[in-house]
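Residues per chain are reported as follows:
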Amino acid sequence: MNDMPVEAAPMTVPCCELLHIQSGTTPPARAVGDNNGAPRPTEETMSKRILVIDDDADLVTSTSALLAAHGYTVSGAMGAAEGRKAIRDLRPDLVVLDIMMETDAAGFDLAYALKADPATRNLPIVILSSFQDHLADKGPAFEHVMGRDWPAAELLEKPADPAKLTAVVSRLLAEQAA
């Protein structure tokens, strides 16, 4: 008998399930062929472009997969600098944005720049971040945003509940279309 250790095959988890694992929620029950529990994509959702900006590649991938499963056209950008370029090039209908990336407040800086630019002023921004956990120890990094108008339409704390994130995205896109 061979005494060599046997490696287990890696477990494959669909990207949409990663958000459930990260948030500790239970994914919805699925029937065979039901689009992984997501509503069937419609012409309306398929025409909506969403950009996910974060410095965590796994989060970009899992959030993008979740939103794509709901029928949105989703792109990802690694960090605020790449996100700024992607916004110019892709012209998304909504941005999901982290705060702490290249700098502790890079996401805020990008969000305020978008709100100051007439071309992107009305672009809905969903902040998906855990920066709130760092306010006590990194407070000075956020001083320049204190007392200013909030640059985002919604704030969700990481890890976000997948149902809540998709509901927020759906609502904001519907409000934008109205």
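It should be noted that the structure appears before, not after, this text.
Reading the values: rules and limits
- Residues numbered from 1 in each chain as written.
- Predicted model: local features only at pLDDT ≥ 70, side-chain atom pairs only at ≥ 80, totals over all residues.
- Heavy atoms only, no water.
- Helix = DSSP H or I, 4+ residues; strand = E, 2+ residues; numbered from the N terminus.
- Buried < 20%, exposed > 50% of the residue type's maximum accessible area, 1.4 Å probe, protein only.
- Areas by Shrake-Rupley, 256 points an atom, 1.4 Å probe, with all protein chains shown as cover.
- Salt bridge = Lys/Arg side-chain N within 4 Å of Asp/Glu carboxyl O.
- Polar contact = N/O pair within 3.5 Å; in protein donor to acceptor, adjacent residues only side chain to side chain.
- Pairing = 2+ DSSP bridges.
- Right-handed = clockwise from strand over helix to strand, strands pointing away.

(A) Looking closely at the overall build of the protein chain. Assigned secondary structure in the protein chain consists of seven helices and five strands. Along the chain direction, N to C, the helices and strands of the protein chain fall in the order α-α-β-α-β-α-β-α-β-α-β-α. By the burial criterion, 40% of the 178 residues in the protein chain qualify as buried. Per element, the accessible surface of the protein chain, about 10,000 Å² overall, is 55% carbon and sulfur.

(B) Up close: the pattern of salt bridges. Applying the stated rule across the entire model yields five salt bridges. With a shortest N-O distance of 2.8 Å, aspartate 54 and lysine 158 are connected by a salt bridge. With aspartate 54 in strand β1 (residues 49–54) and lysine 158 in the loop between β5 (154–157) and α7 (162–177), the pair connects residues that are 104 residues apart, well separated along the chain. A relative accessible area of 1% places aspartate 54 in the buried class. Across the pair aspartate 89 and lysine 85 runs a salt bridge whose closest N-O atoms are separated by 2.5 Å. In this pair, aspartate 89 and lysine 85 are both assigned in helix α4 (residues 80–90), four residues apart and thus about one turn of the helix distant. A residue is classified by how much of its surface remains accessible, and lysine 85, at 45% relative accessible area, is partly exposed. Here the residues in one salt-bridge network are Asp54, Asp98 and Lys158, joined through shared partners.

(C) View of the environment of aspartate 161. Looking at where aspartate 161 falls in the secondary structure, it is placed in the loop between β5 and α7. Residue classification places aspartate 161 among the partly exposed positions, given a relative accessible area of 31%. A distance of 2.9 Å separates the side chain of aspartate 161 from the backbone nitrogen of lysine 164, its partner in a polar contact.

(D) Just the pairing of β5, in detail. Only one face of β5 is covered, namely the one carrying Glu154 and Leu156; the face carrying Leu155 and Glu157 has none of its residues buried. In terms of strand pairing, strand β4 (residues 125–129) meets β5 through four bridges, oriented parallel. Bridge assignment links serine 129 to a residue of β5, and that residue is glutamate 157.

(E) Here's a closer look at the pairing of β1. Of all six residues in β1, five are buried, a share of seventy percent or more. Pairing of β1 with strand β2 (residues 73–78), which is carried by six bridges, proceeds in the parallel orientation. In the strand pairing of β2, isoleucine 53 is matched with alanine 77. Running through helix α3 (residues 57–69), the crossover from β1 to the neighbouring parallel element β2 is right-handed. Pairing of β1 with strand β3 (residues 94–97), which is carried by four bridges, proceeds in the parallel orientation. Paired with isoleucine 53 across the strands is leucine 97, a residue of β3.

Everything listed here is a matter of geometry and, on its own, says nothing about what the molecule does.
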